[in-house]
Amino acid sequence: METSRIARILDEMGTLLEVQGENPFRCRAYHNAAQALKGLPDNLADMIADGSLAEVAGIGETMHSKIAQLATSGELPSYNELRRVTPPGLVALLRVPGLGPKKIKTLHDDLKIESLADLRAAAEAGKIAGIKGFGSKTEAKILEGVSFIESVGDRILQSTARRLIEPILAAVRANPDVIRAEACGSFRRRGETIGDLDILFSAKDPIPVIDQFVKLPDVAKVLAHGPTKASVRLADGVQCDLRGVEDDQFAFALHYFTGSKAHNIAMRRRAIDRGFKLNEYALEAATGPIPCKTEADLFAALGLAMIPPEMREDAGEVQQAERGEVPKLVSLDDLKGTFHCHSDWSDGGATLAEMAEAARAMGLTYLGIADHSRSAGYAGGLTIDRVRKQWDEIDALNETFGTSFRLFKGTECDILTDGSLDFPDDILAGFDYVVASVHSNFGLPREAMTARIVRAVSHPFVTMLGHPTGRLLLARDGYDVDLDAVIEAAAKAGTMIEINANPHRLDLDWVHARRASSLGISIVINPDAHSPKGLTDLDYGIGVARKAGLTPDQVFNTMSLSGVIKALKRLRDRENP
Ligand code: DGT
Ligand code: CA
Ligand code: CA
Ligand code: ZN
């Protein structure tokens, strides 16, 4: 069993024990061991064999034997037992904002609450407010949280989907019977969140491939198992659908199962208008079937340019393809650098030098640092004095880079409640660029929130707006704001807007990124990285930009280092008439 999988099981055991009310030290032991495993190099088997694993900080003797058992047999009876005795709905309660294991245990003990439905019923009946440590405010918040979770259903983040689907897709592709295999559905379209995973393959005989699939280690339950398709529930609770076709059907099936449903309907209508019939297996003309090896062939047969999967949302892409106007979408390789990254000067986990090194290793030629501003006490915001010291360190580092790479001095400056900024102008003027973000008073009424952000994006020293709505996918709605008014104000002021590429945020979303770009706003794809690894989130931002139909010239950080230096200077001159 892979190390990362063992770590997840130990984490889950820790959580299960917590909601069971187990002694906190025992629970922590599991979480700590999981954490320690994640940081290990990839030779777990050797470390078990020579006993060195037991010496790793965070892994004691007990954990060592559990890990060894999982690694060798893939099974751990105490894990299975724990899952058996914990009501499955109990862990789901952890998703409710403000409900930790301790509160969940209390609710379970006092009110027999074992599921979100139980929780809703108890809150609606006013039973929760009376429990010690809760109160009516908490009760109202819980109710709000339950409604939100119910509205998002069982969807998962793109990052979770990627982690789950990659090993499965690799296993399917590794099967010698498989000719081609692709992920389909919302995952391939790079949807904001993913409902279930879809995989398509072609083979002469699909049966052995399907048989192998339902036995993969990640499969917890087989929901359906037929000769050409199967559906399973993975250990994480996510559903995965697999379908097999013959290779001459592959292009049609790939297109169909990629969706979206609305795009498929538009395509089928177009086929009918031209006297064809289109379904998931074939394109039929009156004279017989039209063979297509690839999706591009299929689009061409219908008189269309190839439409990239990300754009297939029935948002005008078929008409664009008809006119031959499908944009040449931006890709990860086009990015020359990025902005809005944190270091250990505020709440990041790595030094400036480590962040720069990671960016260089990815082939980037500049990196914008943007640690938090002074009011952001919760996130280690910098005082003016610390800002000046950081500038010195950045200058010194830039000396060592020569002309091949550059760290930009920036700040993620809090937008205060009245829309003013968290640093005075003379300090703001000293940065190469300023990201302005809302981090407080999320509950302002719509009008006040809109005025607040409009004022900030109109400020002459603000270079770009950070995570414009503050939403956290599957966890929290954005604040109430008239985003169109904000976008118009940014366009007027010449202020950029970021696509925050953190998979929890994706903020701007693709619909508004398209709109902002159409008004001439320069879009900047920022990872909001708090560690070197966080820089790889840039790819999720590329997904949003591609869904928005953006080309490289519409994205600021596709510009070369020398171009960016000039552009940032020009923006500041705009700002200092
Ligand atoms: P999800 O899973 O909710 O994130 O979204 P999708 O798009 O992955 O949806 P899913 O898994 O139900 O189906 C995969 C694709 O199969 C979908 O994007 C389009 C196609 N499809 C499914 N059902 C229908 C249907 O009733 N009509 C048409 N035209 N296409 C369908
Ligand atoms: Ca799906
Ligand atoms: Ca599906
Ligand atoms: Zn932020």
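Rules used throughout
- Residues numbered from 1 in each chain as written.
- Chains lettered and ligands numbered in written order.
- Predicted model: local features only at pLDDT ≥ 70, side-chain atom pairs only at ≥ 80, totals over all residues.
- Heavy atoms only, no water.
- Donors = N, O, S within 2.8 Å, 3.2 Å for Na, K, Ca; no water.
- Core = buried A, V, L, I, M, F, W, Y, C linked by side-chain atoms within 4.5 Å.
- Buried < 20%, exposed > 50% of the residue type's maximum accessible area, 1.4 Å probe, protein only.
- Helix = DSSP H or I, 4+ residues; strand = E, 2+ residues; numbered from the N terminus.
- Lys, Arg positive; Asp, Glu negative; His and termini not counted.
- Salt bridge = Lys/Arg side-chain N within 4 Å of Asp/Glu carboxyl O.
- Tetrahedral: all angles 85-135°; square planar, octahedral: opposite > 155°, others 65-115°.
- Axes fitted to C-alpha atoms, helices over the stretch in contact; angles between N-to-C directions.
- Parallel < 35°, antiparallel > 145°, perpendicular 65-115°, else oblique.
- Left-handed = near helix turned anticlockwise from the far one by under 90°.
- Contact = heavy atoms within 4.5 Å.
- Nonpolar A, V, L, I, M, F, W, Y, C, P; charged D, E, K, R; others polar.

Our next topic: the coordination of the calcium ion (ligand 3). Distances from the calcium ion (ligand 3) to its protein donors, Asp196 (OD), Asp196 (OD), Asp198 (OD) and Asp241 (OD), fall within 2.3 to 2.7 Å. For the calcium ion (ligand 3), the donor residues sit on a single chain with the sequence spacing D-x1-D-x42-D. In this model, the calcium ion (ligand 3) sits 3.7 Å from the calcium ion (ligand 2), the two metals being bridged by aspartate 196.

As a rule of thumb, soluble globular proteins bury nonpolar side chains together. Membership of the largest hydrophobic core comes to 72 residues, with the highest contact counts inside it found for Leu367, Leu407, Leu421, Ile453, Ile525 and Leu535. Within the second largest apolar cluster, 29 residues are counted, among which are Ala161, Ala181, Ala203 and Ala230.

This part takes up the side chain of glutamate 412. Here glutamate 412 is to be found in strand S15 (residues 410–414). No salt bridge forms around the buried glutamate 412; measuring N to O, its nearest opposite-charge neighbour arginine 505 is 6.4 Å away.

Another point: the coordination of the calcium ion (ligand 2). The protein atoms that coordinate the calcium ion (ligand 2) are Asp196 (O), Asp196 (OD) and Asp198 (OD), at distances of 2.2 to 2.6 Å. Around the calcium ion (ligand 2) sit six donor atoms, and with donor-metal-donor angles ranging over 69 to 171° the site reads as irregular. A residue is classified by how much of its surface remains accessible, and aspartate 196, at 23% relative accessible area, is partly exposed. Given the relative accessible area of 10%, aspartate 198 is considered buried.

The residue threonine 138 is located in helix H9 (residues 135–152) in this model. Given the relative accessible area of 24%, threonine 138 is considered partly exposed. When the C-alpha atoms of threonine 138 and arginine 173 are compared, they prove to be 49 Å apart, with 35 residues separating the residues in sequence.

Turning next to the packing of helix H1 (residues 3–19) against helix H2 (residues 24–38). Axis angle and axis distance: for two packed helices, these are the angle between their axes and the distance between the axes, and together they describe the pair. Across the interface, H1 lies against H2 with an axial gap of 8 Å and an inter-helix angle of 165°. Judged on the interaxial angle alone, H2 and H1 are roughly antiparallel. Two packed elements cross with a definite hand, and for H1 against H2 that hand is left-handed. Contacts from Thr3, Ile6, Ala7, Leu10, Asp11, Met13, Gly14, Thr15, Leu17 and Glu18 in H1 reach Arg26, Cys27, Tyr30, His31, Ala33, Ala34, Leu37 and Lys38 in H2. When the residues that make up the contact of H1 with H2 are grouped by side-chain class, the tally is ten nonpolar, four polar and four charged.

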